[in-house]
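Okay, here's what each chain looks like letter by letter:
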Amino acid sequence: MAEKTRQLIVDTALRLFKERGFEATTMRAIATEAGISVGNAYYYFASKEQLIQAYYDRAQAEHEAACCEVLAVERSFAGRLGGVLREWVRISEPYHEFAVKFFKHAAEPSNPLSPFSPESAPARESAIGIYRQVVDGSDSRIDPALREELPELLWLLSMGVVLFWVHDTSPGCERTYRLIDRTVSLVDRLVALSYLPGIRGVTKDFIDVVRELRA
């Protein structure tokens, strides 16, 4: 019963955020539309921001489930990466209109709803975990130092895809799918080159820069 109530509140909030906007939607309005008391709504979620974090968690769980098949059968790096990115676009399609209206909040670096914020850490780490599976299950030869950093770098790549998708008005987000195909092909070639003796020095320099920026 408690889980059903939680899901009802999240579903109602997402609908109202899409219809009225995040700022204009109050917790009282969410409670009224959900048919529960305001106190009950606050019992499950202390703020609208917590509702968005619940949406992040739900979307992440849906993405993980959607990726199971491709990660189980595909061994090539490009196939695994492309499959994971494509599945994200597919399962996110119902939330596209909401994402377009909500994006300005998530894009603010200091906003707790940013995917880079401490509050978003659980969903972010779970997402990076999917890209760790992409790398670990691949039959591609990858420079060991790059292999260690690659899951987070691929997650950052996925954030670029998300940004493009938010602004994609093409039918069925076909431009986003084309971007994925072209980008994955390029990344696949770069990763393969990382293992070559003449390129490993450049790879090391690149990883040093990544680690310095993270510090």
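The rules we used
- Residues numbered from 1 in each chain as written.
- Predicted model: local features only at pLDDT ≥ 70, side-chain atom pairs only at ≥ 80, totals over all residues.
- Heavy atoms only, no water.
- Helix = DSSP H or I, 4+ residues; strand = E, 2+ residues; numbered from the N terminus.
- Buried < 20%, exposed > 50% of the residue type's maximum accessible area, 1.4 Å probe, protein only.
- Contact = heavy atoms within 4.5 Å.
- Polar contact = N/O pair within 3.5 Å; in protein donor to acceptor, adjacent residues only side chain to side chain.
- Expected span 1.5 Å × (residues − 1).
- Arc of directions from axis to C-beta.
- pLDDT = per-residue confidence, 0-100.

Chemist: So what exactly am I meant to see when it comes to the environment of Glu 33 here?
Modeler: Its location among the elements puts Glu 33 in helix 2 (residues 27–34). By relative accessible area, Glu 33 is classed as partly exposed at 39%. As for Glu 33 and Leu 51, which are separated by 18 residues in sequence, their C-alpha atoms are 15 Å apart. Excluding residues that lie within four positions of it along the chain, Glu 33 makes contacts with Thr 12, Arg 15, Leu 16 and Arg 20. Among the polar contacts made by the side chain of Glu 33, one reaches the side chain of Arg 15 at a distance of 3.1 Å.

Chemist: Is there a simple way to think about helix 9 (residues 174–193) in this case?
Modeler: Residues separated by three or four positions in an α-helix point in the same direction, a consequence of the helix having 3.6 residues per turn. The terminal C-alpha atoms of helix 9 lie 29 Å apart, and with 20 residues this matches the ideal 28 Å at 1.5 Å per residue to within 8%. Listed in full, the buried residues belonging to helix 9 are Thr 176, Tyr 177, Ile 180, Thr 183, Val 184, Val 187 and Val 191. Down the axis of helix 9, the smallest arc covering the buried residues is 130°, so these residues share one side. Residues of helix 9 that are exposed and point over 90 degrees away from its buried face: Arg 182 and Arg 189. Looking at the buried positions of helix 9, the neighbouring elements they touch are helix 5 (77–92) and helix 8 (144–166).

Chemist: Explain the confidence of the model for the protein to me, please; I cannot follow it from the model alone.
Modeler: Detailed reading of the predicted coordinates is not advisable wherever pLDDT is low. Per-residue pLDDT for the protein averages 89, and the proportion of residues at 70 or more is 99%. Here helix 10 (residues 197–214) stands out as the element of the protein with the lowest mean pLDDT, 73, in contrast to helix 5, whose mean of 96 is the highest.

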